[in-house]
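A look at the structure
If you want the building blocks of each chain, they are given just below.
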Amino acid sequence: MKELNSNAKIETKCLHSGYTPKNGEPRVMPIVQSTTYCFDSTEHIAQLFDMPTEFMYSRFANPTCDVVEKKIAELEGGIGAMLTSSGQAASLFSILNLCKAGDSFIAASAIYGGTINLFAVTLKKLGIECIWVNQDETDEEIEAKFKDNTKAVFGETLANPALTVFDIERFAKIAHKNNVPLIIDNTFATPILCRPIEWGADIIVHSTTKYMDGHAVQVGGVIVDSGNFDWTSSDKFKDFTEPDDSYHGVVYTRDFGKMAYIIKARMQLMRDFGAYPSAHSAFLLNLGLETLPVRMKQYCENATQVAKVLLASDKIQSVTYPALETDKSHKLAEKYMPIGTSGVISFSIKGGRDNAVRFMDSLELASNVVHVADIRTCVLHPASATHRQLTDEQLVAAGIDGGIIRLSVGLENSQDIIADIKQALDKI
Ligand SMILES: *Cc1c(COP(=O)(O)O)cnc(C)c1O
């Protein structure tokens, strides 16, 4: 087969990017479930320790994972990617690749609860400060929060579960003006609905556990490097521009050019922390990626129908779904996600926590799970689950109250999903 034309559309890339079988090779990307690789000489292996140009150990690179990394990099419009064993590991490494003890970074307050814990509690213990900002603040207010030691800005395209749309272009400008990269968690949008690099983002992270996999069969993450950020433009990123003692004096910007960030992440962080997925997990993720475009469009269509039904119900206090014209993020959604805003809807039931719980326990088709963005419709009560560790103040900042339910509309027939919701609403 011939390599895929780089002008191919995203649906085609989802199927063909990353793997082109040669004469007689398997049509489907093989699972290379091996920790190690054989070499003819000691000298060859010694060279790999100087410069890992081939697969040598599956703690930080593997041929099956490599195919999926190349595919996701293509989908996001980046120049390189690295899989991680969870979305949390991707978020952690995206920051640790830039910040060390004594540094700070800026993050939007409306992000995933697990990321808030990681940033506010665990990174703080490592001496890295997270400075929170709110999208409602003006450019001047946000810029005033930058310090000399600030190394990045972090936001979520479509916040989980607040479902606010992040103004990527605006924050990219603010970040670049202050000589730091913009990192975007693009989990809910996926590159089918939004490609943040096209709006100026520098680094993309995903929990591939969600829509990318879609089938609830693997936990995983990925970091994508746009290759666009110039690490030499200020003296903020000395770890990129000065010799790495742990790697024979490698200088990432000098030796790897535009790939500096993603190669540094692999050579330092993945080598030392080893949060790399198995080949089998990457294989499962790839199956999800193959159908991602078809699924994303259908999630958007089903969720739009469900959101309209919720909006019309007198038992519902409010519905957050940015694709709806009534939504406060609608303008940003039109700009960044013209196809739609995924299958996730959050809504607040009148009567607060008690009614929310009664509604959820009355559902028959939708499952009550700690998951989201699955092919099967599911629900979660953030205040008592994913966001349980948050203080009341953090809950408000993340846009959550006790009556809020996060509904992840799946790919069942929308009439069946709506019938289930209606019967559960009748019970409150
Ligand atoms: C789930 C999620 C994560 C964490 O991913 P895991 O794969 O569960 O570790 C990070 N960001 C967002 C937006 C998520 O929804």
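The following refers to the structure shown.

The rules behind these values
- Residues numbered from 1 in each chain as written.
- Predicted model: local features only at pLDDT ≥ 70, side-chain atom pairs only at ≥ 80, totals over all residues.
- Heavy atoms only, no water.
- Near = heavy atom within 4 Å.
- Polar contact = N/O pair within 3.5 Å; in protein donor to acceptor, adjacent residues only side chain to side chain.
- Areas by Shrake-Rupley, 256 points an atom, 1.4 Å probe, with all protein chains shown as cover.
- Nonpolar A, V, L, I, M, F, W, Y, C, P; charged D, E, K, R; others polar.
- Pairing = 2+ DSSP bridges.
- Helix = DSSP H or I, 4+ residues; strand = E, 2+ residues; numbered from the N terminus.
- Contact = heavy atoms within 4.5 Å.
- Axes fitted to C-alpha atoms, helices over the stretch in contact; angles between N-to-C directions.
- Buried < 20%, exposed > 50% of the residue type's maximum accessible area, 1.4 Å probe, protein only.

1. Overview of the site of the ligand
Looking at the ligand, there are 14 residues lining it, with N160, D185, S207, T209 and K210 nearest. Between S207 and the ligand, the recorded distance is 2.8 Å, taken from a side-chain N or O atom to an oxygen atom. Surface burial for the ligand is 92%, taken as the share of its 380 Å² of free accessible area covered by protein chains. When the residues that make up the shell around the ligand are grouped by side-chain class, the tally is 3 nonpolar, 8 polar and 3 charged.

2. Structural notes on the sheet that holds strand β8 (residues 316–320)
Pairing is mixed across the open sheet formed by 5 strands, whose spatial order is β8-β9-β12-β11-β10. Of all strands in the sheet, those bounded by a partner on one side alone are β8 and β10 (367–368). The pairing of β8 with strand β9 (residues 344–349) spans 4 bridges and is antiparallel. Within β9, the residue paired with S318 across the bridge is S348. Contacting β8, β9 and β12 (404–408), helix α12 (residues 279–312) crosses the sheet at an angle of about 10° to β9.

3. A closer look at the environment of V28
One can find V28 in the loop between α1 (10–16) and α2 (42–50). V28 gets classed as exposed once you look at its relative accessible area, which sits at 51%. Sequence separation between V28 and Y211 is 183 residues, and the spatial gap between their C-alpha atoms is 21 Å.

4. Looking at the environment of R195
With respect to the helices, strands and loops of the structure, R195 is situated in the loop between α8 (190–193) and β6 (203–207). A relative accessible area of 26% means that R195 is categorised as partly exposed. Each C-alpha atom, one on R195 and one on I262, is 18 Å from the other, the two residues being 67 residues apart in sequence. Setting aside its immediate chain neighbours within four residues, R195 contacts I10, L75 and E76.

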